[in-house]
Amino acid sequence: MSAPLTRLPEWQALTAHRDALAGRTLADLFAADPARADRLGLEGAGLFADFSKQRVTEETLRLLLDLARARDVTGRRDAMFAGEAINVTENRAVLHVALRAPKGATILHEGENVVPAVHDVLERMADFADALREGRWRGHSGARIRNVVSIGIGGSDLGPVMAYEALRGFSRRDMVFRFVSNVDGSDLAEALHDLDPAETLFIVCSKTFTTLETLTNAHAAREWCLAALGDDTAIARHFAAVSTNESEVRKFGIEPAQMFGFWDWVGGRYSMDSAVGLSTMIAVGPENFAAMLAGFHAMDDHFRTAPPERNLPLIMGLIGVWNSNFLGAETVAVLPYAQYLSRFPAYLQQLTMESNGKGVTLSGAPVDHDTGAIFWGEPGTNGQHSFYQLLHQGTRLVPCDFIGFCEPLSARADQHDLLMANMFAQGEALAFGRSADDLRAGGTPEWLIPHRLCPGNRPSTTILAQRLDPGTLGALVALYEHCVFTQGAIWGIDSFDQWGVELGKQLATRIIDEIRLGEAGGHDPSTDALIRRYLAGKART
């Protein structure tokens, strides 16, 4: 990867191809090739993706695959599965794929098969989850645990929240599950306001058990418990930890038997299928959690073995590169037509933007191209009455990922038909728009035509699955994980570190000390002035 990416002949070929396609719309592409929808659809691990409404041709895909070969994407993929330290800045392997490998599989890290250790943790998690769900594990007073509050931040929160919401239809309805991440005390207060401490279990998710926001909330939760239960020994019956720091976990009052670990080769944003998913397992049960892991593994296997031209994550990732680097798109809208996936766009924000929001290559040289699109979105149909106006008539190009399901989880099939009709209609409207001639034929006054005109030619991908069940969720998350991997490999960046989050944490640690001392100084003039204003306002409370 010594040559800058944009100087590669494969990149130059794509630039020339982009210029040759200029002026050809999606309507033109379909008119010239009515069967493109048959050829530009791919399947893998129970998911179907229609790429025919993307502004690509078969030649585009051929050139993108040439670029993938030039960047050795499959070689880097194989290095990941082999346990090589592809996270170069931290000299770590990237083995989240081992978290969902079936029992009996072999995935090596430094010569050791890590799969048995993964399944040891999964079995301990399952025993604990079953004991809670069946009422065998009880609180300090002997009361049954009916409330589970997961405390984490970043990957230790976004994954569990998203998974719980996505699989709520499979969850225990006689138990309450809540999630706390913000260091704003109101987050914890609202989560606890109607709960009984005697019936509440907290899961503290922090690998190091030193994460400032998480431990601040955990200690506040501990105080809340002790205020009601009045005995330090009660903590052992009301707290579990997802951590590797046994000494700090013990100091907090949690027994090691209720500590569930994971490994340095698991990044936080790739950890929802590790012990970080303990709350998910308690909510949906070990069997459904295992089904989710099987869905992850099915997509892993597809990514590892499918030929490049039929490889769903590879092609989807490459189309993202095309949209970002050659068509100038800066964002991606993720639009799940499933209320259960309401937190999926937020989950993808961390997965994609923390992974690929990088400005230097693996060698430390500045990139000479854009990386990491901005991901955002809301579930349909709500978004249609919010930001779709910009998608259809705005000046910015926003590629969209529509996600839908053939089978509803509710009994209202008629409503599901309406939901899916809206999803299909939006993809069609974005692609083909509404012309001035169409408006005239419909009787629109000439002066109003510019306002009602929809230019179309807005690219989208539609992902369809049979139903939103645990296996499908696992496959869907793994699909985006491997898209992120593909794009990072093309851009030549490290998708698995996150040094950009460190500076703010370090400065916050310094500033909190100054606030506690009631003084400010040593920052830039604006920050010092803000701290002084805050201290003055605080003094008035």
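Quick caveat, the model's predicted, so the values are computed rather than measured.

1. Looking at helix H9 (residues 212–229)
- Its 18 residues give H9 an end-to-end C-alpha distance of 25 Å, which sits within 8% of 26 Å, the value for a rise of 1.5 Å per residue.
- Immediately beyond the C-terminal end of H9, within one or two residues, lies Gly-230, with a positive phi of roughly 70 degrees.

2. Observations concerning the environment of Ser-186
- Assignment of secondary structure puts Ser-186 in helix H8 (residues 185–192).
- Measuring from C-alpha to C-alpha, the distance between Ser-186 and Cys-205 comes to 19 Å, with 19 residues separating the pair along the chain.
- Among the polar contacts made by the side chain of Ser-186, one reaches the side chain of Asp-184 at a distance of 2.9 Å.

3. Focus: the environment of Trp-499
- Relative to the helices and strands, Trp-499 resides in the loop between helix H20 (470–491) and helix H21 (502–517).
- Overall, the relative accessible area of 49% leaves Trp-499 in the partly exposed class.
- Spatially, the C-alpha atom of Trp-499 lies 37 Å from that of Ser-52, the residues being 447 residues apart in sequence.
- Within polar-contact distance, the side chain of Trp-499 engages the side chain of Asp-497 at 3.4 Å.

4. Comments concerning the packing of aromatic side chains
- Counting across every chain of the model gives 20 aromatic pairs.
- With a centroid separation of 5.2 Å and an interplanar angle of 65 degrees, the aromatic rings of Phe-239 and Phe-252 are classed as edge-to-face. Taken together, the positions of Phe-239 in strand S8 (residues 239–242) and Phe-252 in helix H11 (residues 246–252) put the pair 13 residues apart, joining distant regions of the chain.
- Judged by its relative accessible area of 0%, Phe-239 falls in the buried class.
- In this structure Phe-252 comes out as buried when scored by relative accessible area, which is 3%.
- One aromatic cluster is present, built from ring pairs that chain together Phe-202, Phe-209, Trp-224, Phe-239 and Phe-252.
- Cation over ring: Arg-77 sits above Phe-303, and NZ or CZ is 5.9 Å from the ring centre.
- Looking at Arg-237, its charged tip hangs above the ring of Trp-137, at a distance of 3.6 Å from the centre.

5. Concerning the side chain of Asn-325
- Counting through the fold element by element, Asn-325 comes out in helix H14 (residues 312–326).
- A polar side-chain atom of Asn-325 sits 2.9 Å from the main-chain carbonyl oxygen of Asp-370.
- Ignoring sequence-local partners within four residues, the contact set of Asn-325 consists of Trp-11, His-369, Asp-370 and Trp-491.

6. Comments concerning the domain arrangement of the chain
- What the domain assignment lists for the chain is domain 1 (16–82 + 291–493), domain 2 (98–284) and domain 3 (505–539).
- Taking only C-alpha atoms, the centre of domain 2 and the centre of domain 3 are 34 Å apart.

7. Thoughts on the sheet that holds strand S1 (residues 41–44)
- Strand order in the open sheet formed by six strands is S1-S2-S13-S12-S10-S11, with mixed pairing between adjacent strands. Among the strands making up the open sheet, the edge pair consists of S1 and strand S11 (374–376). The average undirected angle you get between the axes of adjacent strands in this sheet is 20 degrees.
- Judged from the four bridges that link them, S1 and strand S2 (residues 47–50) form a sheet pairing that is antiparallel. For Gly-44, the partnering residue across the bridge sits in S2 and is Leu-47.
- Lying on the sheet, helix H15 (residues 344–356) is in contact with strand S10 (331–336), S11 and strand S12 (400–405); it crosses S11 at an angle near 165 degrees.

8. Thoughts on the sheet that holds S8
- Sheet architecture is open: five strands sit in the order S6-S5-S7-S8-S9, paired in parallel fashion. The sheet terminates laterally at strand S6 (176–180) and strand S9 (259–260), the two strands that pair on one side only.
- Inspection of the sheet shows strand S7 (residues 200–205) paired to S8 by four bridges, in the parallel sense. In the strand pairing of S8, Ile-203 is matched with Ala-240.
- The strands touched by helix H7 (residues 155–166) are S6 and S7; relative to S6, the strand with the most contacts, the crossing angle is about 150 degrees.

9. Let's talk about the UniProt feature "active site" (unreviewed entry) in the chain
- UniProt's feature table lists "active site" (unreviewed entry) at Glu-354, His-385 and Lys-505, given in the numbering used throughout. The annotated residues occupy 152 residues of the chain and do not converge on a single region, their most distant C-alpha atoms lying 37.2 Å apart.
- Mapped onto the elements of the fold, Glu-354 is located in helix H15.
- Judged by relative accessible area, Glu-354 falls into the partly exposed class, the value being 21%.

The rules behind these values
- Residues numbered from 1 in each chain as written.
- Predicted model: local features only at pLDDT ≥ 70, side-chain atom pairs only at ≥ 80, totals over all residues.
- Heavy atoms only, no water.
- Helix = DSSP H or I, 4+ residues; strand = E, 2+ residues; numbered from the N terminus.
- Expected span 1.5 Å × (residues − 1).
- Polar contact = N/O pair within 3.5 Å; in protein donor to acceptor, adjacent residues only side chain to side chain.
- Buried < 20%, exposed > 50% of the residue type's maximum accessible area, 1.4 Å probe, protein only.
- Phe/Tyr/Trp six-rings, centres within 6.5 Å; stacked < 30°, edge-to-face > 60°.
- Lys NZ or Arg CZ within 6 Å of the ring centre and 35° of its normal.
- Contact = heavy atoms within 4.5 Å.
- Domains from an automatic or database assignment.
- Pairing = 2+ DSSP bridges.
- Axes fitted to C-alpha atoms, helices over the stretch in contact; angles between N-to-C directions.
- UniProt positions renumbered as here; feature names shortened; annotations may be inferred.

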